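Fold and geometry: a report
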Amino acid sequence: MNPLCKPNEHALSRRQWLGGMGGAAAAGALGGLVSPAVGEVLKQKEKQVLFIWLDGGMSQLESWDPKPNTQFGGPFRSIPTKLPGIHVSELMPRMAKKMDKICLVRAMRTQDNSHSAGVPRIQRGDPKNRGVIYPYFGSAVAQLMGPTASGLPPYVWVKPGSGGFKPTDAGFLGPKYGALAFGDGQPPPNFLRPATLSPEQDTARNELRRAFNFNYAQPRRKANNEANTYVFDTAEILLKRREIFDTSKYPQKEKDRYGNHLLGQHMLIGRKLLEAGCRFVKVNSYGWDTHGDHFNGTVSLVNRFDQAFAAVLEDLEATGQLDHTLVIAMSEFGRTPRINGHAGRDHWPEAWTIALAGCGINAGAVIGATNAQGTFVKGDEYDIGHMFHTWFRALGINPDAVEFDNGGQPLPIAHDEMGVIPGVLA
Amino acid sequence: MADPKKEPKQLQILESERQLLCTRFSPDGTHLIAGGMDAQVHRWHRAEVAPEKEGDEKKIEWQPLPNLAGHHAWVGAMGFHPKAKHIFTGDSWGQLRCTDYEGQKLKVHWSQKTAHDGWLRQIAVSKKHLATVGRDGAVRLWSHAGKRIAEWKGAEEIFAVTFQPDGQRVVFGDAKGVVRVWNFTTKIIEREFTLNEFYKLARIQDVCGLTRLVFLEDGKTLLAVGCAPTDGGTMQGIPTLDWLDYATGKSTQRYQFGVENDVFITDVAWHPKGYLLCATSGVTGRGTTFFIRPGEKEPFYSSTKIANIHALALHPDHQHFTLTSTSRGSNGNGRRLDKEGNYSGNTSPVHVFELPA
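Conventions adopted
- Residues numbered from 1 in each chain as written.
- Chains lettered and ligands numbered in written order.
- Predicted model: local features only at pLDDT ≥ 70, side-chain atom pairs only at ≥ 80, totals over all residues.
- Heavy atoms only, no water.
- Helix = DSSP H or I, 4+ residues; strand = E, 2+ residues; numbered from the N terminus.
- Buried < 20%, exposed > 50% of the residue type's maximum accessible area, 1.4 Å probe, protein only.
- Contact = heavy atoms within 4.5 Å.
- Areas by Shrake-Rupley, 256 points an atom, 1.4 Å probe, with all protein chains shown as cover.
- Lys, Arg positive; Asp, Glu negative; His and termini not counted.
- Charge placed at Lys NZ, Arg CZ, Asp CG, Glu CD.
- Polar contact = N/O pair within 3.5 Å; in protein donor to acceptor, adjacent residues only side chain to side chain.
- 1 Å grid on protein atoms, 1.4 Å probe; cavity = no way out; pocket = protein on both sides within 12 Å on 5 of 7 lines; lining within 4 Å.
- Points joined across faces, edges and corners; volume = space filled by probe spheres on them.
- Nonpolar A, V, L, I, M, F, W, Y, C, P; charged D, E, K, R; others polar.
- Core = buried A, V, L, I, M, F, W, Y, C linked by side-chain atoms within 4.5 Å.
- Pairing = 2+ DSSP bridges.
- Axes fitted to C-alpha atoms, helices over the stretch in contact; angles between N-to-C directions.
- Buried area = accessible area lost by both parts, 1.4 Å probe.
- Salt bridge = Lys/Arg side-chain N within 4 Å of Asp/Glu carboxyl O.
- pLDDT = per-residue confidence, 0-100.
- Expected span 1.5 Å × (residues − 1).
- Left-handed = near helix turned anticlockwise from the far one by under 90°.

This brings us to the overall build of chain B. When its secondary structure is counted, chain B shows zero helices and 30 strands. Taken across its 357 residues, chain B has 59% of its residues classed as buried. Of the contacts formed within chain B by residues at least 6 apart in sequence, a portion of 46% connects residues at least 24 apart. Per element, the accessible surface of chain B, about 15,300 Å² overall, is 47% carbon and sulfur. Taken together, the 44 basic and 40 acidic charged side chains of chain B have centroids lying 4 Å from each other.

Okay, the overall build of chain A next. What chain A contains, in helices and strands, is 13 helices and 17 strands. For chain A, the residues scored as buried account for 61% of the 426 residues in total.

Moving on, we come to the side chain of Arg304(A). Looking at the element boundaries, Arg304(A) is found in helix 12 (residues 294–319). Note on Arg304(A): relative accessible area 18%, which makes it buried. Polar contacts involving the side chain of Arg304(A) include one to the side chain of Asp206(B), which spans 3.1 Å. Here Arg304(A) is in contact with His261(A), Leu263(A), Leu201(B), Ile204(B), Gln205(B) and Asp206(B), once residues within four sequence places are set aside.

This paragraph deals with the layout of surface pockets. By volume, the largest pocket amounts to about 1,500 Å³. In this structure, the largest pocket is lined by 47 residues; those nearest its centre are Arg24(B), Ala124(B), Val125(B), Thr162(B) and Val214(B). Broken down by secondary-structure element, the contributors of at least two residues to the lining of the largest pocket are strand 2 (20–25), strand 6 (75–80), strand 10 (120–125), strand 14 (158–163), strand 20 (210–215), strand 24 (264–271) and strand 28 (311–314) of chain B. For the lining of the largest pocket, a count of residues per class yields 25 nonpolar, 14 polar and eight charged. What the second largest pocket holds in volume is close to 720 Å³. Secondary-structure elements contributing two or more residues to the lining of the second largest pocket are helix 5 (93–96) and helix 12 of chain A together with strand 19 (205–208) of chain B.

Here the focus is the nonpolar core. Residues and elements named next belong to chain A. Core analysis: the biggest nonpolar cluster contains 61 residues, and Trp-64, Leu-273, Phe-305 and Phe-309 have the highest contact counts within it. With 12 residues, helix 12 is the largest single contributor of residues to this core. When near neighbours in sequence (up to four residues on either side) are disregarded, Phe-305 contacts Ile-52, Leu-54, Met-58, Trp-64, Met-92, Leu-263, Trp-288 and Ala-329. Ranked by size, the runner-up nonpolar core spans 55 residues in total, among them Val-377, Met-387, Ile-413 and Ala-414.

Residues and elements named next belong to chain B. The four strands are arranged 10-11-12-13 in an open sheet whose pairing can be described as antiparallel. Where the open sheet ends on each side, the last strands, each with one partner, are strand 10 and strand 13 (148–153). For this sheet the average axis-to-axis angle between neighbouring strands, irrespective of direction, equals 15 degrees. Relative to strand 12 (residues 138–143), strand 11 (residues 129–134) is paired through five bridges, and the arrangement is antiparallel.

Turning next to the interface of chain B and chain A. How big an interface is tends to be expressed through the accessible area that disappears when the partners come together. Listed per partner, the contact involves 49 residues of chain B and 52 residues of chain A. Both faces considered, chain B and chain A share a buried interface measuring about 4,100 Å² in area, 54% of it formed by carbon and sulfur atoms. Ranking the residues of chain B by area buried against chain A places Trp93(B), Ile204(B) and Tyr343(B) at the top, with a combined share of 22%. Inspection of the chain B/chain A interface yields four salt bridges. One salt bridge in this structure joins Arg135(B) and Glu90(A), with 3.4 Å as the shortest N-O distance. Of the residues assigned to the side of chain B that touches chain A, the class counts are 16 nonpolar, 22 polar and 11 charged.

With that settled, the discussion passes to the environment of Thr89(B). Residue and element names in this part refer to chain B. The residue Thr-89 is located in strand 7 (residues 86–91) in this model. Exposure remark for Thr-89: the relative accessible area of 2% places this residue in the buried category. In this structure, the C-alpha to C-alpha distance between Thr-89 and Asp-100, residues 11 residues apart in sequence, is 11 Å.

In this section: empty space enclosed by the protein. Per the stated rule, a full pass over the model turns up eight cavities of 30 Å³ or more. Reported here for the largest cavity is a volume of approximately 680 Å³. Listing elements by their share of the lining of the largest cavity, those giving two or more residues are helix 12 of chain A together with strand 2, strand 10, strand 20 and strand 24 of chain B. Its residues placed into classes, the lining of the largest cavity shows 13 nonpolar, 15 polar and three charged. Approximately 60 Å³ is the volume found for the second largest cavity. Every residue lining the second largest cavity is listed: Met58(A), Ser59(A), Gln60(A), Ser63(A), Trp64(A), Ala329(A), Met330(A), Ser331(A), Phe333(A), Gly334(A), Trp352(A) and Thr353(A). Elements with a contribution of two residues or more to the lining of the second largest cavity: strand 9 (325–330) and strand 12 (352–358) of chain A. Looking at side-chain class alone, the lining of the second largest cavity contains six nonpolar, six polar and no charged residues.

Residue and element names in this part refer to chain B. Pairing within the open sheet is antiparallel, and its four strands lie in the order 24-25-26-27. Of all strands in the sheet, those with a lone pairing partner are strand 24 and strand 27 (301–303), marking the two edges. Strand-to-strand, the axes of this sheet are offset by a mean angle of 20 degrees, without reference to chain direction.

Chain-level pLDDT for chain A is 89 on average; 89% of the residues reach the 70-or-more range. Predicted confidence is poor over residues 1–41 of chain A, with pLDDT under 50, and the contacts of this stretch with residues over four places away or in other chains come to 65 contacts.

Here the focus is the pairing of strand 14 of chain B. Residue and element names in this part refer to chain B. With respect to burial, strand 14 is a largely interior element, six of its six residues being buried. Strand direction decides the pairing type here: strand 14 and strand 15 (residues 170–174), joined by five bridges, are antiparallel. Pairing of Ile-158 across the sheet is with Asp-174, part of strand 15. Hairpin connection from strand 14 to strand 15: six residues lie between these consecutive antiparallel strands, with Gly-167 at a positive phi of about 75 degrees.

Taken as a whole, this structure holds 49 salt bridges over all chains when the rule is applied. Where salt bridges share partners, they join Lys98(A), Glu254(A), Arg257(A), Arg271(A), Lys272(A), Glu275(A), Glu314(A) and Asp315(A) into one cluster.

Bringing helix 11 (residues 262–276) of chain A into the picture now. Residue and element names in this part refer to chain A. Taking 1.5 Å per residue, 15 residues should reach 21 Å; helix 11 reaches 21 Å between its end C-alpha atoms and fits that length. Among the 15 residues of helix 11, 14 are classified as buried, and the element is accordingly described as predominantly covered. Where helix 11 ends, the next residue or the one after it, Gly-277, has phi of about 120 degrees, a positive value.

Residues and elements named next belong to chain B. Locating Gly-79 in the fold gives a position in strand 6. Gly-79 sits in the buried class, given a relative accessible area of 8%. When the C-alpha atoms of Gly-79 and Cys-98 are compared, they prove to be 9.5 Å apart, with 19 residues separating the residues in sequence. Look past the residues within four positions of Gly-79 in its chain and what remains in contact with it is Ile-87, Phe-88, Ile-123 and Val-125.

Residues and elements named next belong to chain A. Packing of helix 7 (residues 137–145) against helix 13 (residues 384–394) leaves a shortest axis separation of 12 Å and a crossing angle of 35 degrees. With respect to the hand of their crossing, helix 7 and helix 13 are arranged in right-handed fashion. For the pair helix 7 and helix 13, the contacting residues are Phe-137, Ala-140 and Leu-144 in the first and Phe-388, Trp-391 and Phe-392 in the second. The residue inventory of the contact of helix 7 with helix 13, partitioned by class, reads six nonpolar, no polar and no charged.

Here is the structure:
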C-alpha cells in the first residue's frame, strides 16, 4: 500500500484557487495598449507564429505535468486549473487560470537527450534522413508562407546575447530564410541611420551599395546575395517600426505585467513584432539546463515564464490576434524524473510536454498522459514529427500535399511517416 | 596524504531506500533522525551489539526503526524539543509537525498543515519557541505546543533561520542574501544587512546561496554558510563561509573553499574544541568534508571520499558524526534502467564516523 496520500487530497481546491482571481485577468488585459500599427495586420488576419523556446530543457514535473507526492515528484504542490481535473505546478499560478486557452501535449517522446543534437533536431522536425539539412520551423514557415502584407522580415528572433542574421537555421532552403536575430531585444547595432547622415545622403549611399552588391554578386552564389539583399530590404521596412525596440517608451504597467526580467521584456517585444506583422517570432530564454540546484532555480525560472506567457496570451487574445497566431512554448526535451546528487534533473526526452495555443488549436485540451510516476508516456507517444504535422495543419498548410523544392528535389515538409496528433486541432 | 591517525574513522553506512535531505542526532544522543524526499521521517537508534569475539569491547551500532509518516512532501526542516523527546519536522508543502521520536508507538503531539504556504525551509528551536521560515516569505514564531505567536512577512523566499543565543530575537536570511534581526516581542526588524556574495541573478534565475545561519559559541559571531553563486542552470559557485560580527553585520573573515564546481557548503556543525565541521555538495560526484578553525586560512582536514553531501550531524558526545550523501552514479541523461529493467531513483547512504582522539 502506498503510504503517501493522493496528490489531490492536498492540492489547493479549484474553487479556493480561482476564487478572488476572476477579475484580475480581465483587469490586467491589454486595454488601449494596441499600437496603431497593429490595425492593418489584425485586419488582414494573416496567420502568424509565436515560438517560445526555453533553451536547456524545462522540467515537465515542475510545470505542465506535476506528480506531487510521488517518488520523483519533487517538493512542489500541484494546483487546480480552470480545467476541472487538470493540475499544473504551483509555480504556474497565472497559467493555471488560462488553461482553457491552451492545449497541452503531455505525451512527447523524442529521440535525443543531448543539447547539441537535440536542439537542431527538434527545431528541424527530425524528418527522415535524406542527406540534407532541414530548415528550422521558423525558416520553413518563412519560406512556405512568406512575409505578411507588412513586408516585415518573416522570421525574427528575440534573444539574449548576440544578434544578427542567422542563416544556418534555413538549412537547404538557403540563407534568405534564416532568422533575423535581435540580440538582447535590440536591432543590429548599425540598424539606425546615424543622426549626422541626411535622408538624401542615406538614399545615395544605398544606391551605391546596391551597385557594389550587384557587381560583387555576379561571379558568386546567387543565394547568398539574394539573402543579403532580402535581409537588408526587409530590415529597411523594420526600420520604420523602430519604436518597437525602445522599451523605455512602453507603459510601465505593461512592462510590469510581463515581468521586469529578460524573458518578460523580450516577450513584450515579441508581441510588438507580431503586431507589426512579422510572420514568425521566436522568443528565446536561456538557462533552463538545471542539472544542479534545480528546485531552487526552477522557482524563479518557471515563475517568470508563467508571468510572461500568461501576459502575452492575454494580450493576443484581447486584440483578437490569438485567433490567427499559433503559439508554441517548448524546449528541446524535458528533465529526468530521477533527482541527481546536485539536487538537479538531467535530460529527459522520454516523456515531456509541449504547450500550444491560438489558431487552429483545440483550446482546453490535454492530450496524452504520463504514468503515475511521471517516468514514461502512458498510451500513444508523439515525436516532434507529429508536432510538425500538427503545426503546419494549424497554419493551413497540408503537409501531405505541400513539399519543399530543394533545387528540383521534392522533399516532405514534415516526417513522412508521421501525422497530426489527434485532438490537438480544433 | 592525510595522516591516518588524524583521519575520521568510518564505522558504519546506514542505507536508505530514498534520498534524504537533513539529518540530526537527538539531544540525548540515542537517535539519529533524517528527513526524506519520500515524505517520511527516517529513524535509527543507538544499540550496543555483543562483541564478535569474547574479550572485545561492545560495539555501538545504529539500527533502523520504522519511519514516521504523516508528511506529504519533502521533509527538509527539523528541530528537537529542548526537554521532551519530541521532534519538530517541516515539509515542502508547508506542514509543521511535532511527534515523539522514541519508541514504537509514536504520538503526534500536534500538526499545523499550513504552517507556511508551500515549502517550509528551516526550523530553529529555542528554550521557549520555535521559528519557521518558508518560500512564502514568512517567518513564524510558535510555542513548543504549536501555537502561532508572531509573524513577519516579506517578499522574498527565506532560506535560513536561527535564534539569537538568548532566544530573544530571530535571525533569518532570504534568497537575496538579506539577513534580518527580528524582535518578535515588539514585532520590529531591528537590523538588517545584505550579504551580496550569496546571491546572483543569472539570466532570469535567482541563484541563491545562503544555506545556514549559525551563532558560534560566544554569540558575538554569526556564521553565514552556503555558496557564492557564479552561474545558474546547472548551478555553479564557490562554497563560502562568512564570519560576521553580529553587532555590525560586517564580515570579519571570509573563507572560500575549492572551485566553482564545488558549489555549496550544505551543512556545518560547531565542535566545542573550537572548529567547524563542514560538508559540501557540488556538481554530481563532487563533495568534500573539511574541518576549519576560525582565523585560519586553510582547513586542517579535508577529504573528498564522499560526494554530494547534503547533511552533516555531530553527535552530542562530540566524538561521532554522520555525512548524508548521494548514491554513486546519481546523474545521467535519458533512459537508464537498473538490472531488472526498472527506472529507479537515487538513495542517500548515511556514513557514520568517529573523530580522531
